[in-house]
Amino acid sequence: MNASTLQRQFDRDGYIVLDGFFDDKQMEPIDRLIHAHFGETPAFQHNDEFLSKSQTDVIPWFPQQQGVLDFDAIESDENFRGLSEAILGVGWYEQSCMVMFSGRGSSGQAWHQDCPPEDPQQFNLNRLVYTSDMKAESGGQVVVVPGSHKMGLLPAGDPLGQLQDQVVLQPKKGTLLLLHGHAWHRVLPVNAAARVSTNFRAASATTPQDITDICVYRNMRYQFSTANVIEERTA
Ligand SMILES: O=C(O)CCC(=O)C(=O)O
Ligand SMILES: [Fe+2]
């Protein structure tokens, strides 16, 4: 499929899943590197209030900020860049890539929008690359409500409750998931083995760098830079 067809699909649904976008051979060494970095039980970084309220169980790592160069080849892939430009327009930019680790038995991620949806033009693009298969029995699938990037604010309510029309995605080794930051999404609990995903976030030329500083959950808005709940939300 060409980039403009995919762009229209993204505009309609708020996400696109592209299995096999990256070669297994390219994913395997990166997967090993990620697991070597985290080990079995890495220490957590967020504060207790965030952990208990957000029900989000993720440890981030920014390899490029530590001079690890292994992720650069993904970032510079021509098709990857072409698709990003088709969605974000000329002048788009990328952020330092973020690897996310959730240990076995962790709760995954509650429903959220990566940034507030009030201005439809201002959003982050998640470019999620999966270096190993998500198996149904292991959990960790991504759940999204198609078209929700155009439905405004994520409804207040149960952080983990099912939402109408939700779709469960099961990425595989080499899958690229392009996901609009205003789309309503979550990650299911991780049962069997540790889960990793790598996000090469990007945004349009006119979107501020700190666009994802405030995340919207069904029970709060949370600001990462100040580690504060800035709004309590009730249904
Ligand atoms: O790890 C994933 O599959 C999704 C993570 C996510 O919600 C995000 O990066 O915004
Ligand atoms: Fe997210």
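Look a little higher up for the structure.
Residues numbered from 1 in each chain as written. Chains lettered and ligands numbered in written order. Predicted model: local features only at pLDDT ≥ 70, side-chain atom pairs only at ≥ 80, totals over all residues.

Regarding the nonpolar core
- Ranked by internal contacts, the top residues of the largest apolar core, which has 44 residues, are Tyr 15, Val 129, Val 144, Leu 177, Leu 178 and Leu 179.
- Once residues lying within four places of it in the same chain are set aside, the contact partners of Tyr 15 are Phe 10, Val 144, Leu 177, Leu 178, Leu 179, His 180 and Ala 183. (Core = buried A, V, L, I, M, F, W, Y, C linked by C-beta atoms within 7 Å. Buried ≥ 20, exposed ≤ 12 C-beta atoms within 10 Å, placed from the backbone. Contact = placed C-beta atoms within 7 Å.)

Looking at unusual backbone geometry
- In the Ramachandran plot, Asp 165 falls in the positive-phi region, its phi being about 70° despite a non-glycine side chain.
- Structurally, Asp 165 can be placed in the loop between β7 (142-144) and β8 (167-169).
- Overall, the presence of 11 C-beta atoms within 10 Å leaves Asp 165 in the exposed class.
- Backbone geometry at Ala 227 places phi at a positive 50°, although glycine is not the residue there. (Helix = DSSP H or I, 4+ residues; strand = E, 2+ residues; numbered from the N terminus.)

With respect to the sheet that holds β8
- In space, the 7 strands of this open sheet follow the order β8-β7-β10-β5-β13-β14-β15, with antiparallel pairing throughout. Since the sheet does not close on itself, it has two edges, and those belong to β8 and β15 (228-232), each with one partner. Here the average twist between neighbouring strands, direction ignored, is 30°.
- Pairing of strand β5 (residues 109-113) with strand β10 (residues 185-187) involves 2 bridges; the strand directions are antiparallel. Bridge pairing in β10 places His 112 opposite His 185. (Pairing = 2+ DSSP bridges. Axes fitted to C-alpha atoms, helices over the stretch in contact; angles between N-to-C directions.)

Some remarks on the packing of helix α1 (residues 3-13) against helix α5 (residues 78-88)
- Where α1 meets α5, the closest approach of the two axes is 9 Å, and the angle between their N-to-C directions is 50°. For the element pair α1 / α5, the angle class is oblique. You can see that α1 and α5 cross each other, and the crossing is right-handed. Counting all contacts with α1, which are made through Ala 3, Ser 4, Leu 6, Gln 7 and Phe 10, the residues of α5 involved are Gly 82, Leu 83, Ala 86 and Ile 87.
- Its residues assigned to classes, the contact of α1 with α5 shows 6 nonpolar, 3 polar and no charged. (Parallel < 35°, antiparallel > 145°, perpendicular 65-115°, else oblique. Left-handed = near helix turned anticlockwise from the far one by under 90°. Nonpolar A, V, L, I, M, F, W, Y, C, P; charged D, E, K, R; others polar.)

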